[in-house]
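Next come the chains, spelled out residue by residue.
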Amino acid sequence: AQSVTQPDIHITVSEGASLELRCNYSYGATPYLFWYVQSPGQGLQLLLKYFSGDTLVQGIKGFEAEFKRSQSSFNLRKPSVHWSDAAEYFCAVAGNFGNEKLTFGTGTRLTIIP
Amino acid sequence: GAVVSQHPSWVICKSGTSVKIECRSLDFQATTMFWYRQFPKQSLMLMATSNEGSKATYEQGVEKDKFLINHASLTLSTLTVTSAHPEDSSFYICSARAGRVSGELFFGEGSRLTVL
């Protein structure tokens, strides 16, 4: 069965500092990986996804993520965070070219301090 | 990007009543929609997969008679929580797939249900 682990429940970062959110997955075949962001009381918005090709993928809002098969990881990064980045971030995995159901990690809550 | 709209955004009901939540894809046709449940400070748990014109596929442990899903058209799926109880209070989120193959999922803004 597929699974996703986000080891960090809560991260606090100063505005302007760099950010890395960790994600490890377990999947028997080629994984299709996603990062979503959720603002309080809101639905989810797709930041980026990895299906194939270049293992460094660029997303919206200045985010990027790197797929490392050897480490079963898909960490999310941003060089300089903004106060508006404060939200909950979810990593997710799916199989079958992304057509199977998404399995979400438990999320990482990001707090930005001035 | 495509828009998925949920209604209502929040609802409060008495224990024992039924509540219907709508999920609409506003500018695309969605052959498949998904219903998730999210408890406070927790992740999203898939409840069921809704396919237009056919019965929904429920995840293990989800009571299909409790959570009725209808996907009557390519733009509308509904979740009805029947005989709601306080433990059904949660944030319910739907998503819709645009296209059939590797289609991106678009999420609704969620519906918060509080059962008194």
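Residues numbered from 1 in each chain as written. Chains lettered and ligands numbered in written order. Predicted model: local features only at pLDDT ≥ 70, side-chain atom pairs only at ≥ 80, totals over all residues. Heavy atoms only, no water.

Draft legend 1. Inspection of the pairing of strand β5 (residues 32-38) of chain A at higher detail. Residues and elements named next belong to chain A. Where burial is concerned, most of β5 is hidden: seven out of the seven residues are buried. Here β5 shows a buried face lined by Tyr-32, Phe-34, Tyr-36 and Gln-38 and a second buried face lined by Leu-33, Trp-35 and Val-37. Of the pairings in the sheet, the one linking β5 to strand β10 (residues 87-94) comprises seven bridges and is antiparallel in character. Counted as the bridge partner of Tyr-32 is Ala-94 from β10. Across six bridges, β5 lies against strand β6 (residues 44-50) in antiparallel orientation. Paired with Gln-38 across the strands is Leu-44, a residue of β6. (Buried < 20%, exposed > 50% of the residue type's maximum accessible area, 1.4 Å probe, protein only. Helix = DSSP H or I, 4+ residues; strand = E, 2+ residues; numbered from the N terminus. Pairing = 2+ DSSP bridges.)

Draft legend 2. Here's a closer look at the state of the cysteines. As enumerated under the stated definition, the model contains two disulfides over all chains in all. Note on cysteine connectivity: Cys-23 of chain A is disulfide-linked to Cys-91 of chain A, with sulfurs 2.0 Å apart. Across the S-S bond of Cys-23 of chain A and Cys-91 of chain A the torsion is about -65 degrees, and the bridge reads as left-handed. With Cys-23 of chain A in the loop between β3 (19-21) and β4 (24-26) and Cys-91 of chain A in strand β10, this pair connects stretches of sequence that are 68 residues apart. Like Cys-91 of chain A, Cys-23 of chain A is buried. A sulfur-sulfur separation of 2.0 Å characterises the disulfide bridge that pairs Cys-23 of chain B with Cys-94 of chain B. (Disulfide = S-S within 2.5 Å.)

Draft legend 3. The pairing of strand β1 (residues 4-7) of chain B, seen in detail. Residues and elements named next belong to chain B. With burial as the criterion, only one face of β1 is covered, namely that bearing Val-4 and Gln-6; the residues Ser-5 and His-7 on the opposite face remain uncovered. In terms of strand pairing, β1 meets strand β3 (residues 19-25) through four bridges, oriented antiparallel. Of the residues in β3, the one forming a bridge with His-7 is Glu-22.

Draft legend 4. Geometry of the side chain of Ser-50 of chain B. All names here are of chain B. Here Ser-50 lies in strand β5 (residues 44-51). At 3.3 Å, the side chain of Ser-50 and the side chain of Ser-77 are in polar contact. Apart from residues lying up to four places away in sequence, Ser-50 is in contact with Thr-31, Thr-32, Met-33, Ala-56, Ile-69, His-71 and Ser-77. (Polar contact = N/O pair within 3.5 Å; in protein donor to acceptor, adjacent residues only side chain to side chain. Contact = heavy atoms within 4.5 Å.)

Draft legend 5. Region of the structure containing the sheet that holds strand β8 (residues 76-81) of chain B. Residue and element names in this part refer to chain B. With respect to topology, four strands assemble into an open sheet ordered β1-β3-β8-β7, the strand pairing being antiparallel. Looking at strand neighbours, the two that pair on one side only are β1 and β7 (67-73), the edges of this open sheet. Between one strand axis and the next, the sheet turns by 15 degrees as a mean value, whatever way the strands run. (Axes fitted to C-alpha atoms, helices over the stretch in contact; angles between N-to-C directions.)

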